[in-house]
Amino acid sequence: MEEKWKSIFNQLKNTKAPDIILSEIDKTSSMLRDILSDNFNKIIVDDKDMYQSLRDFLSTIAPDKLKILQQYKGTRPVFDQFDVNRQIKASFGKTSTMSSGAYIVIEHTEAMHVVDVNSGPKMQRKEQEEAALAVNLEAAEEIARQLRLRDIGGLIIIDFIDMRSSENKISLFNKMRDFMESDRAQHTILPLSKFGLLQITRQRTRPEVNIDTRELCPACQGTGKVNPSILVIDNIQRDIQYIIDSRPKSKIRLQVNQFIYAYLKNGLPNIQMKWFGKYKKWISLQSDANFHLFEYKFFDESDDEIRLS
């Protein structure tokens, strides 16, 4: 605290108003303060200002962690580069599939949350009781993770695959308790009923995270019809001509869906090369898997989007 006070005092002497001398830490630093542990081996940030802010923050609370902080400078969006978008959509959908092919279905009702455990086709080759136990144990670990991830609270009923062996039921109950042990929210787990149902009551520590992973079709906006696909290249070329006419000295980067990107790059000479011959300007290309087929954007040399309207 004394070092912090000295730092503030020195800034006061050398700072010209208006300027910030002391403020609350930002949301990112606050989150890092709460969850940072020895398990972290990499922290990646794609924003220059945020990177510097986190460097300053870590140098104060955990100088040894500065070496794991990295600024991402790749061309692909950082969430695509590290597969974050896919994991978010896979984790917050109604159905969560596990590595074996088994899956769980999470339903929300007014009074409770219901989780249904289903075996996938790959599990059918095993002996029935053995297969049921294997699926249930895998599902128990995934359910414990989903409860923490979504912060599901209240009454949770889990319909596991039915098992005849009392020993297997006890084993599943004990494993469920083990998987829930790292959950910081207060919870109670009851043994399986004779119908194979397991009941959990869990305290909610914050508003439940409920992300709707379903997407309105970006191409047709729910109408079921799209513009003629044959015209997408014509539209792009029309916009390139408009940008060149209005901003002749500006560099141009075109961001498109990955399939359109492949089409523009295909062959020798490809369309990108033909554009260079036609417009006497090199149009840089970048693919983005999150763009729908007909979506595209233009950016200048400062990475600011070029608005066409």
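Above this text you will find the structure in question.
What you are looking at is a predicted structure, and each value in this text was computed from that prediction instead of being measured. (Residues numbered from 1 in each chain as written. Predicted model: local features only at pLDDT ≥ 70, side-chain atom pairs only at ≥ 80, totals over all residues. Heavy atoms only, no water.)

A. Quick look at helix 10 (residues 271-279). Within helix 10, burial applies to Ile271, Gln272, Trp275 and Tyr279. Considered in projection along helix 10, the buried side chains sweep an arc of 100 degrees and stay on one side of the axis. At its buried positions, helix 10 is contacted by helix 8 (232-246), strand 9 (252-256), helix 9 (258-265) and strand 10 (283-287). N-cap assignment for helix 10: the residue whose side-chain oxygen lies 3.1 Å from the backbone N of Gln272 is Asn270. (Buried < 20%, exposed > 50% of the residue type's maximum accessible area, 1.4 Å probe, protein only. Helix = DSSP H or I, 4+ residues; strand = E, 2+ residues; numbered from the N terminus. Arc of directions from axis to C-beta. Contact = heavy atoms within 4.5 Å. Polar contact = N/O pair within 3.5 Å; in protein donor to acceptor, adjacent residues only side chain to side chain.)

B. Inspection of the pairing of strand 9 at higher detail. For strand 9, the buried fraction is high: five of the five residues fall into the buried class. Both faces of strand 9 are covered, namely the face carrying Ile252, Leu254 and Val256 and the face carrying Arg253 and Gln255. Summarising the sheet, strand 9 and strand 10 pair through five bridges and their orientation is parallel. Residue Val256 lies in a different strand from strand 10, and its bridge partner there is Ser287. Across four bridges, the pairing between strand 9 and strand 11 (residues 296-299) is antiparallel. Bridge pairing links Gln255 to Lys297 in strand 11. (Pairing = 2+ DSSP bridges.)

C. Focus on the sheet that holds strand 3 (residues 95-97). In spatial order, the strands read 3-4-5-6-8-7; together these six strands make up an open sheet with mixed pairing. Looking at the sheet topology across the chains shown, the edges are occupied by strand 3 and strand 7 (187-189). For this sheet, the mean inter-axis angle between neighbouring strands, taken without regard to orientation, is 20 degrees. Across six bridges, the pairing between strand 4 (residues 103-108) and strand 5 (residues 113-118) is antiparallel. Of the residues in strand 5, the one forming a bridge with Ile106 is Val115. The sheet contacts of helix 7 (residues 166-180) involve strand 6 (154-159), strand 7 and strand 8 (197-202), and relative to strand 7 the element is tilted by about 165 degrees. (Axes fitted to C-alpha atoms, helices over the stretch in contact; angles between N-to-C directions.)

D. View of the side chain of Glu142. Inspection of the secondary structure assignment puts Glu142 in helix 6 (residues 128-150). Of the polar contacts made by the side chain of Glu142, one reaches the side chain of Ser96; its length is 2.9 Å. Within polar-contact distance, the side chain of Glu142 engages the side chain of Arg145 at 3.0 Å. Those residues within four positions of Glu142 in sequence are excluded, and the remaining contacts are Ser96, Met98 and Ile104.

E. Highlighting the side chain of Ser250. In this fold, Ser250 is placed in the loop between helix 8 and strand 9. A polar atom in the side chain of Ser250 sits 3.3 Å from the side chain of Glu301.

F. Highlighting helix 6. Helix length check: helix 6 (23 residues) gives 32 Å between terminal C-alpha atoms against 33 Å at 1.5 Å per residue, within 8%. Measuring from the backbone nitrogen of Glu129 back to the side-chain oxygen at the start of helix 6 gives 3.3 Å, which picks out Glu127 as the cap. Phi turns positive, to about 50 degrees, at Asp151, one or two residues after helix 6. (Expected span 1.5 Å × (residues − 1).)

G. Just the packing of aromatic side chains, in detail. Scanning all chains against the criterion turns up three aromatic pairs. Aromatic pair Phe276 and Trp282: ring centres 5.9 Å apart, planes at 70 degrees, arrangement edge-to-face. What makes Phe276 partly exposed here is its relative accessible area of 43%. With a relative accessible area of 41%, Trp282 lands in the partly exposed category. Residues Tyr296 and Phe298 carry aromatic rings whose centres are separated by 5.8 Å and whose planes lie at 80 degrees to one another, so their mutual orientation is edge-to-face. As far as burial versus exposure is concerned, Tyr296 and Phe298 are alike and both buried. (Phe/Tyr/Trp six-rings, centres within 6.5 Å; stacked < 30°, edge-to-face > 60°.)

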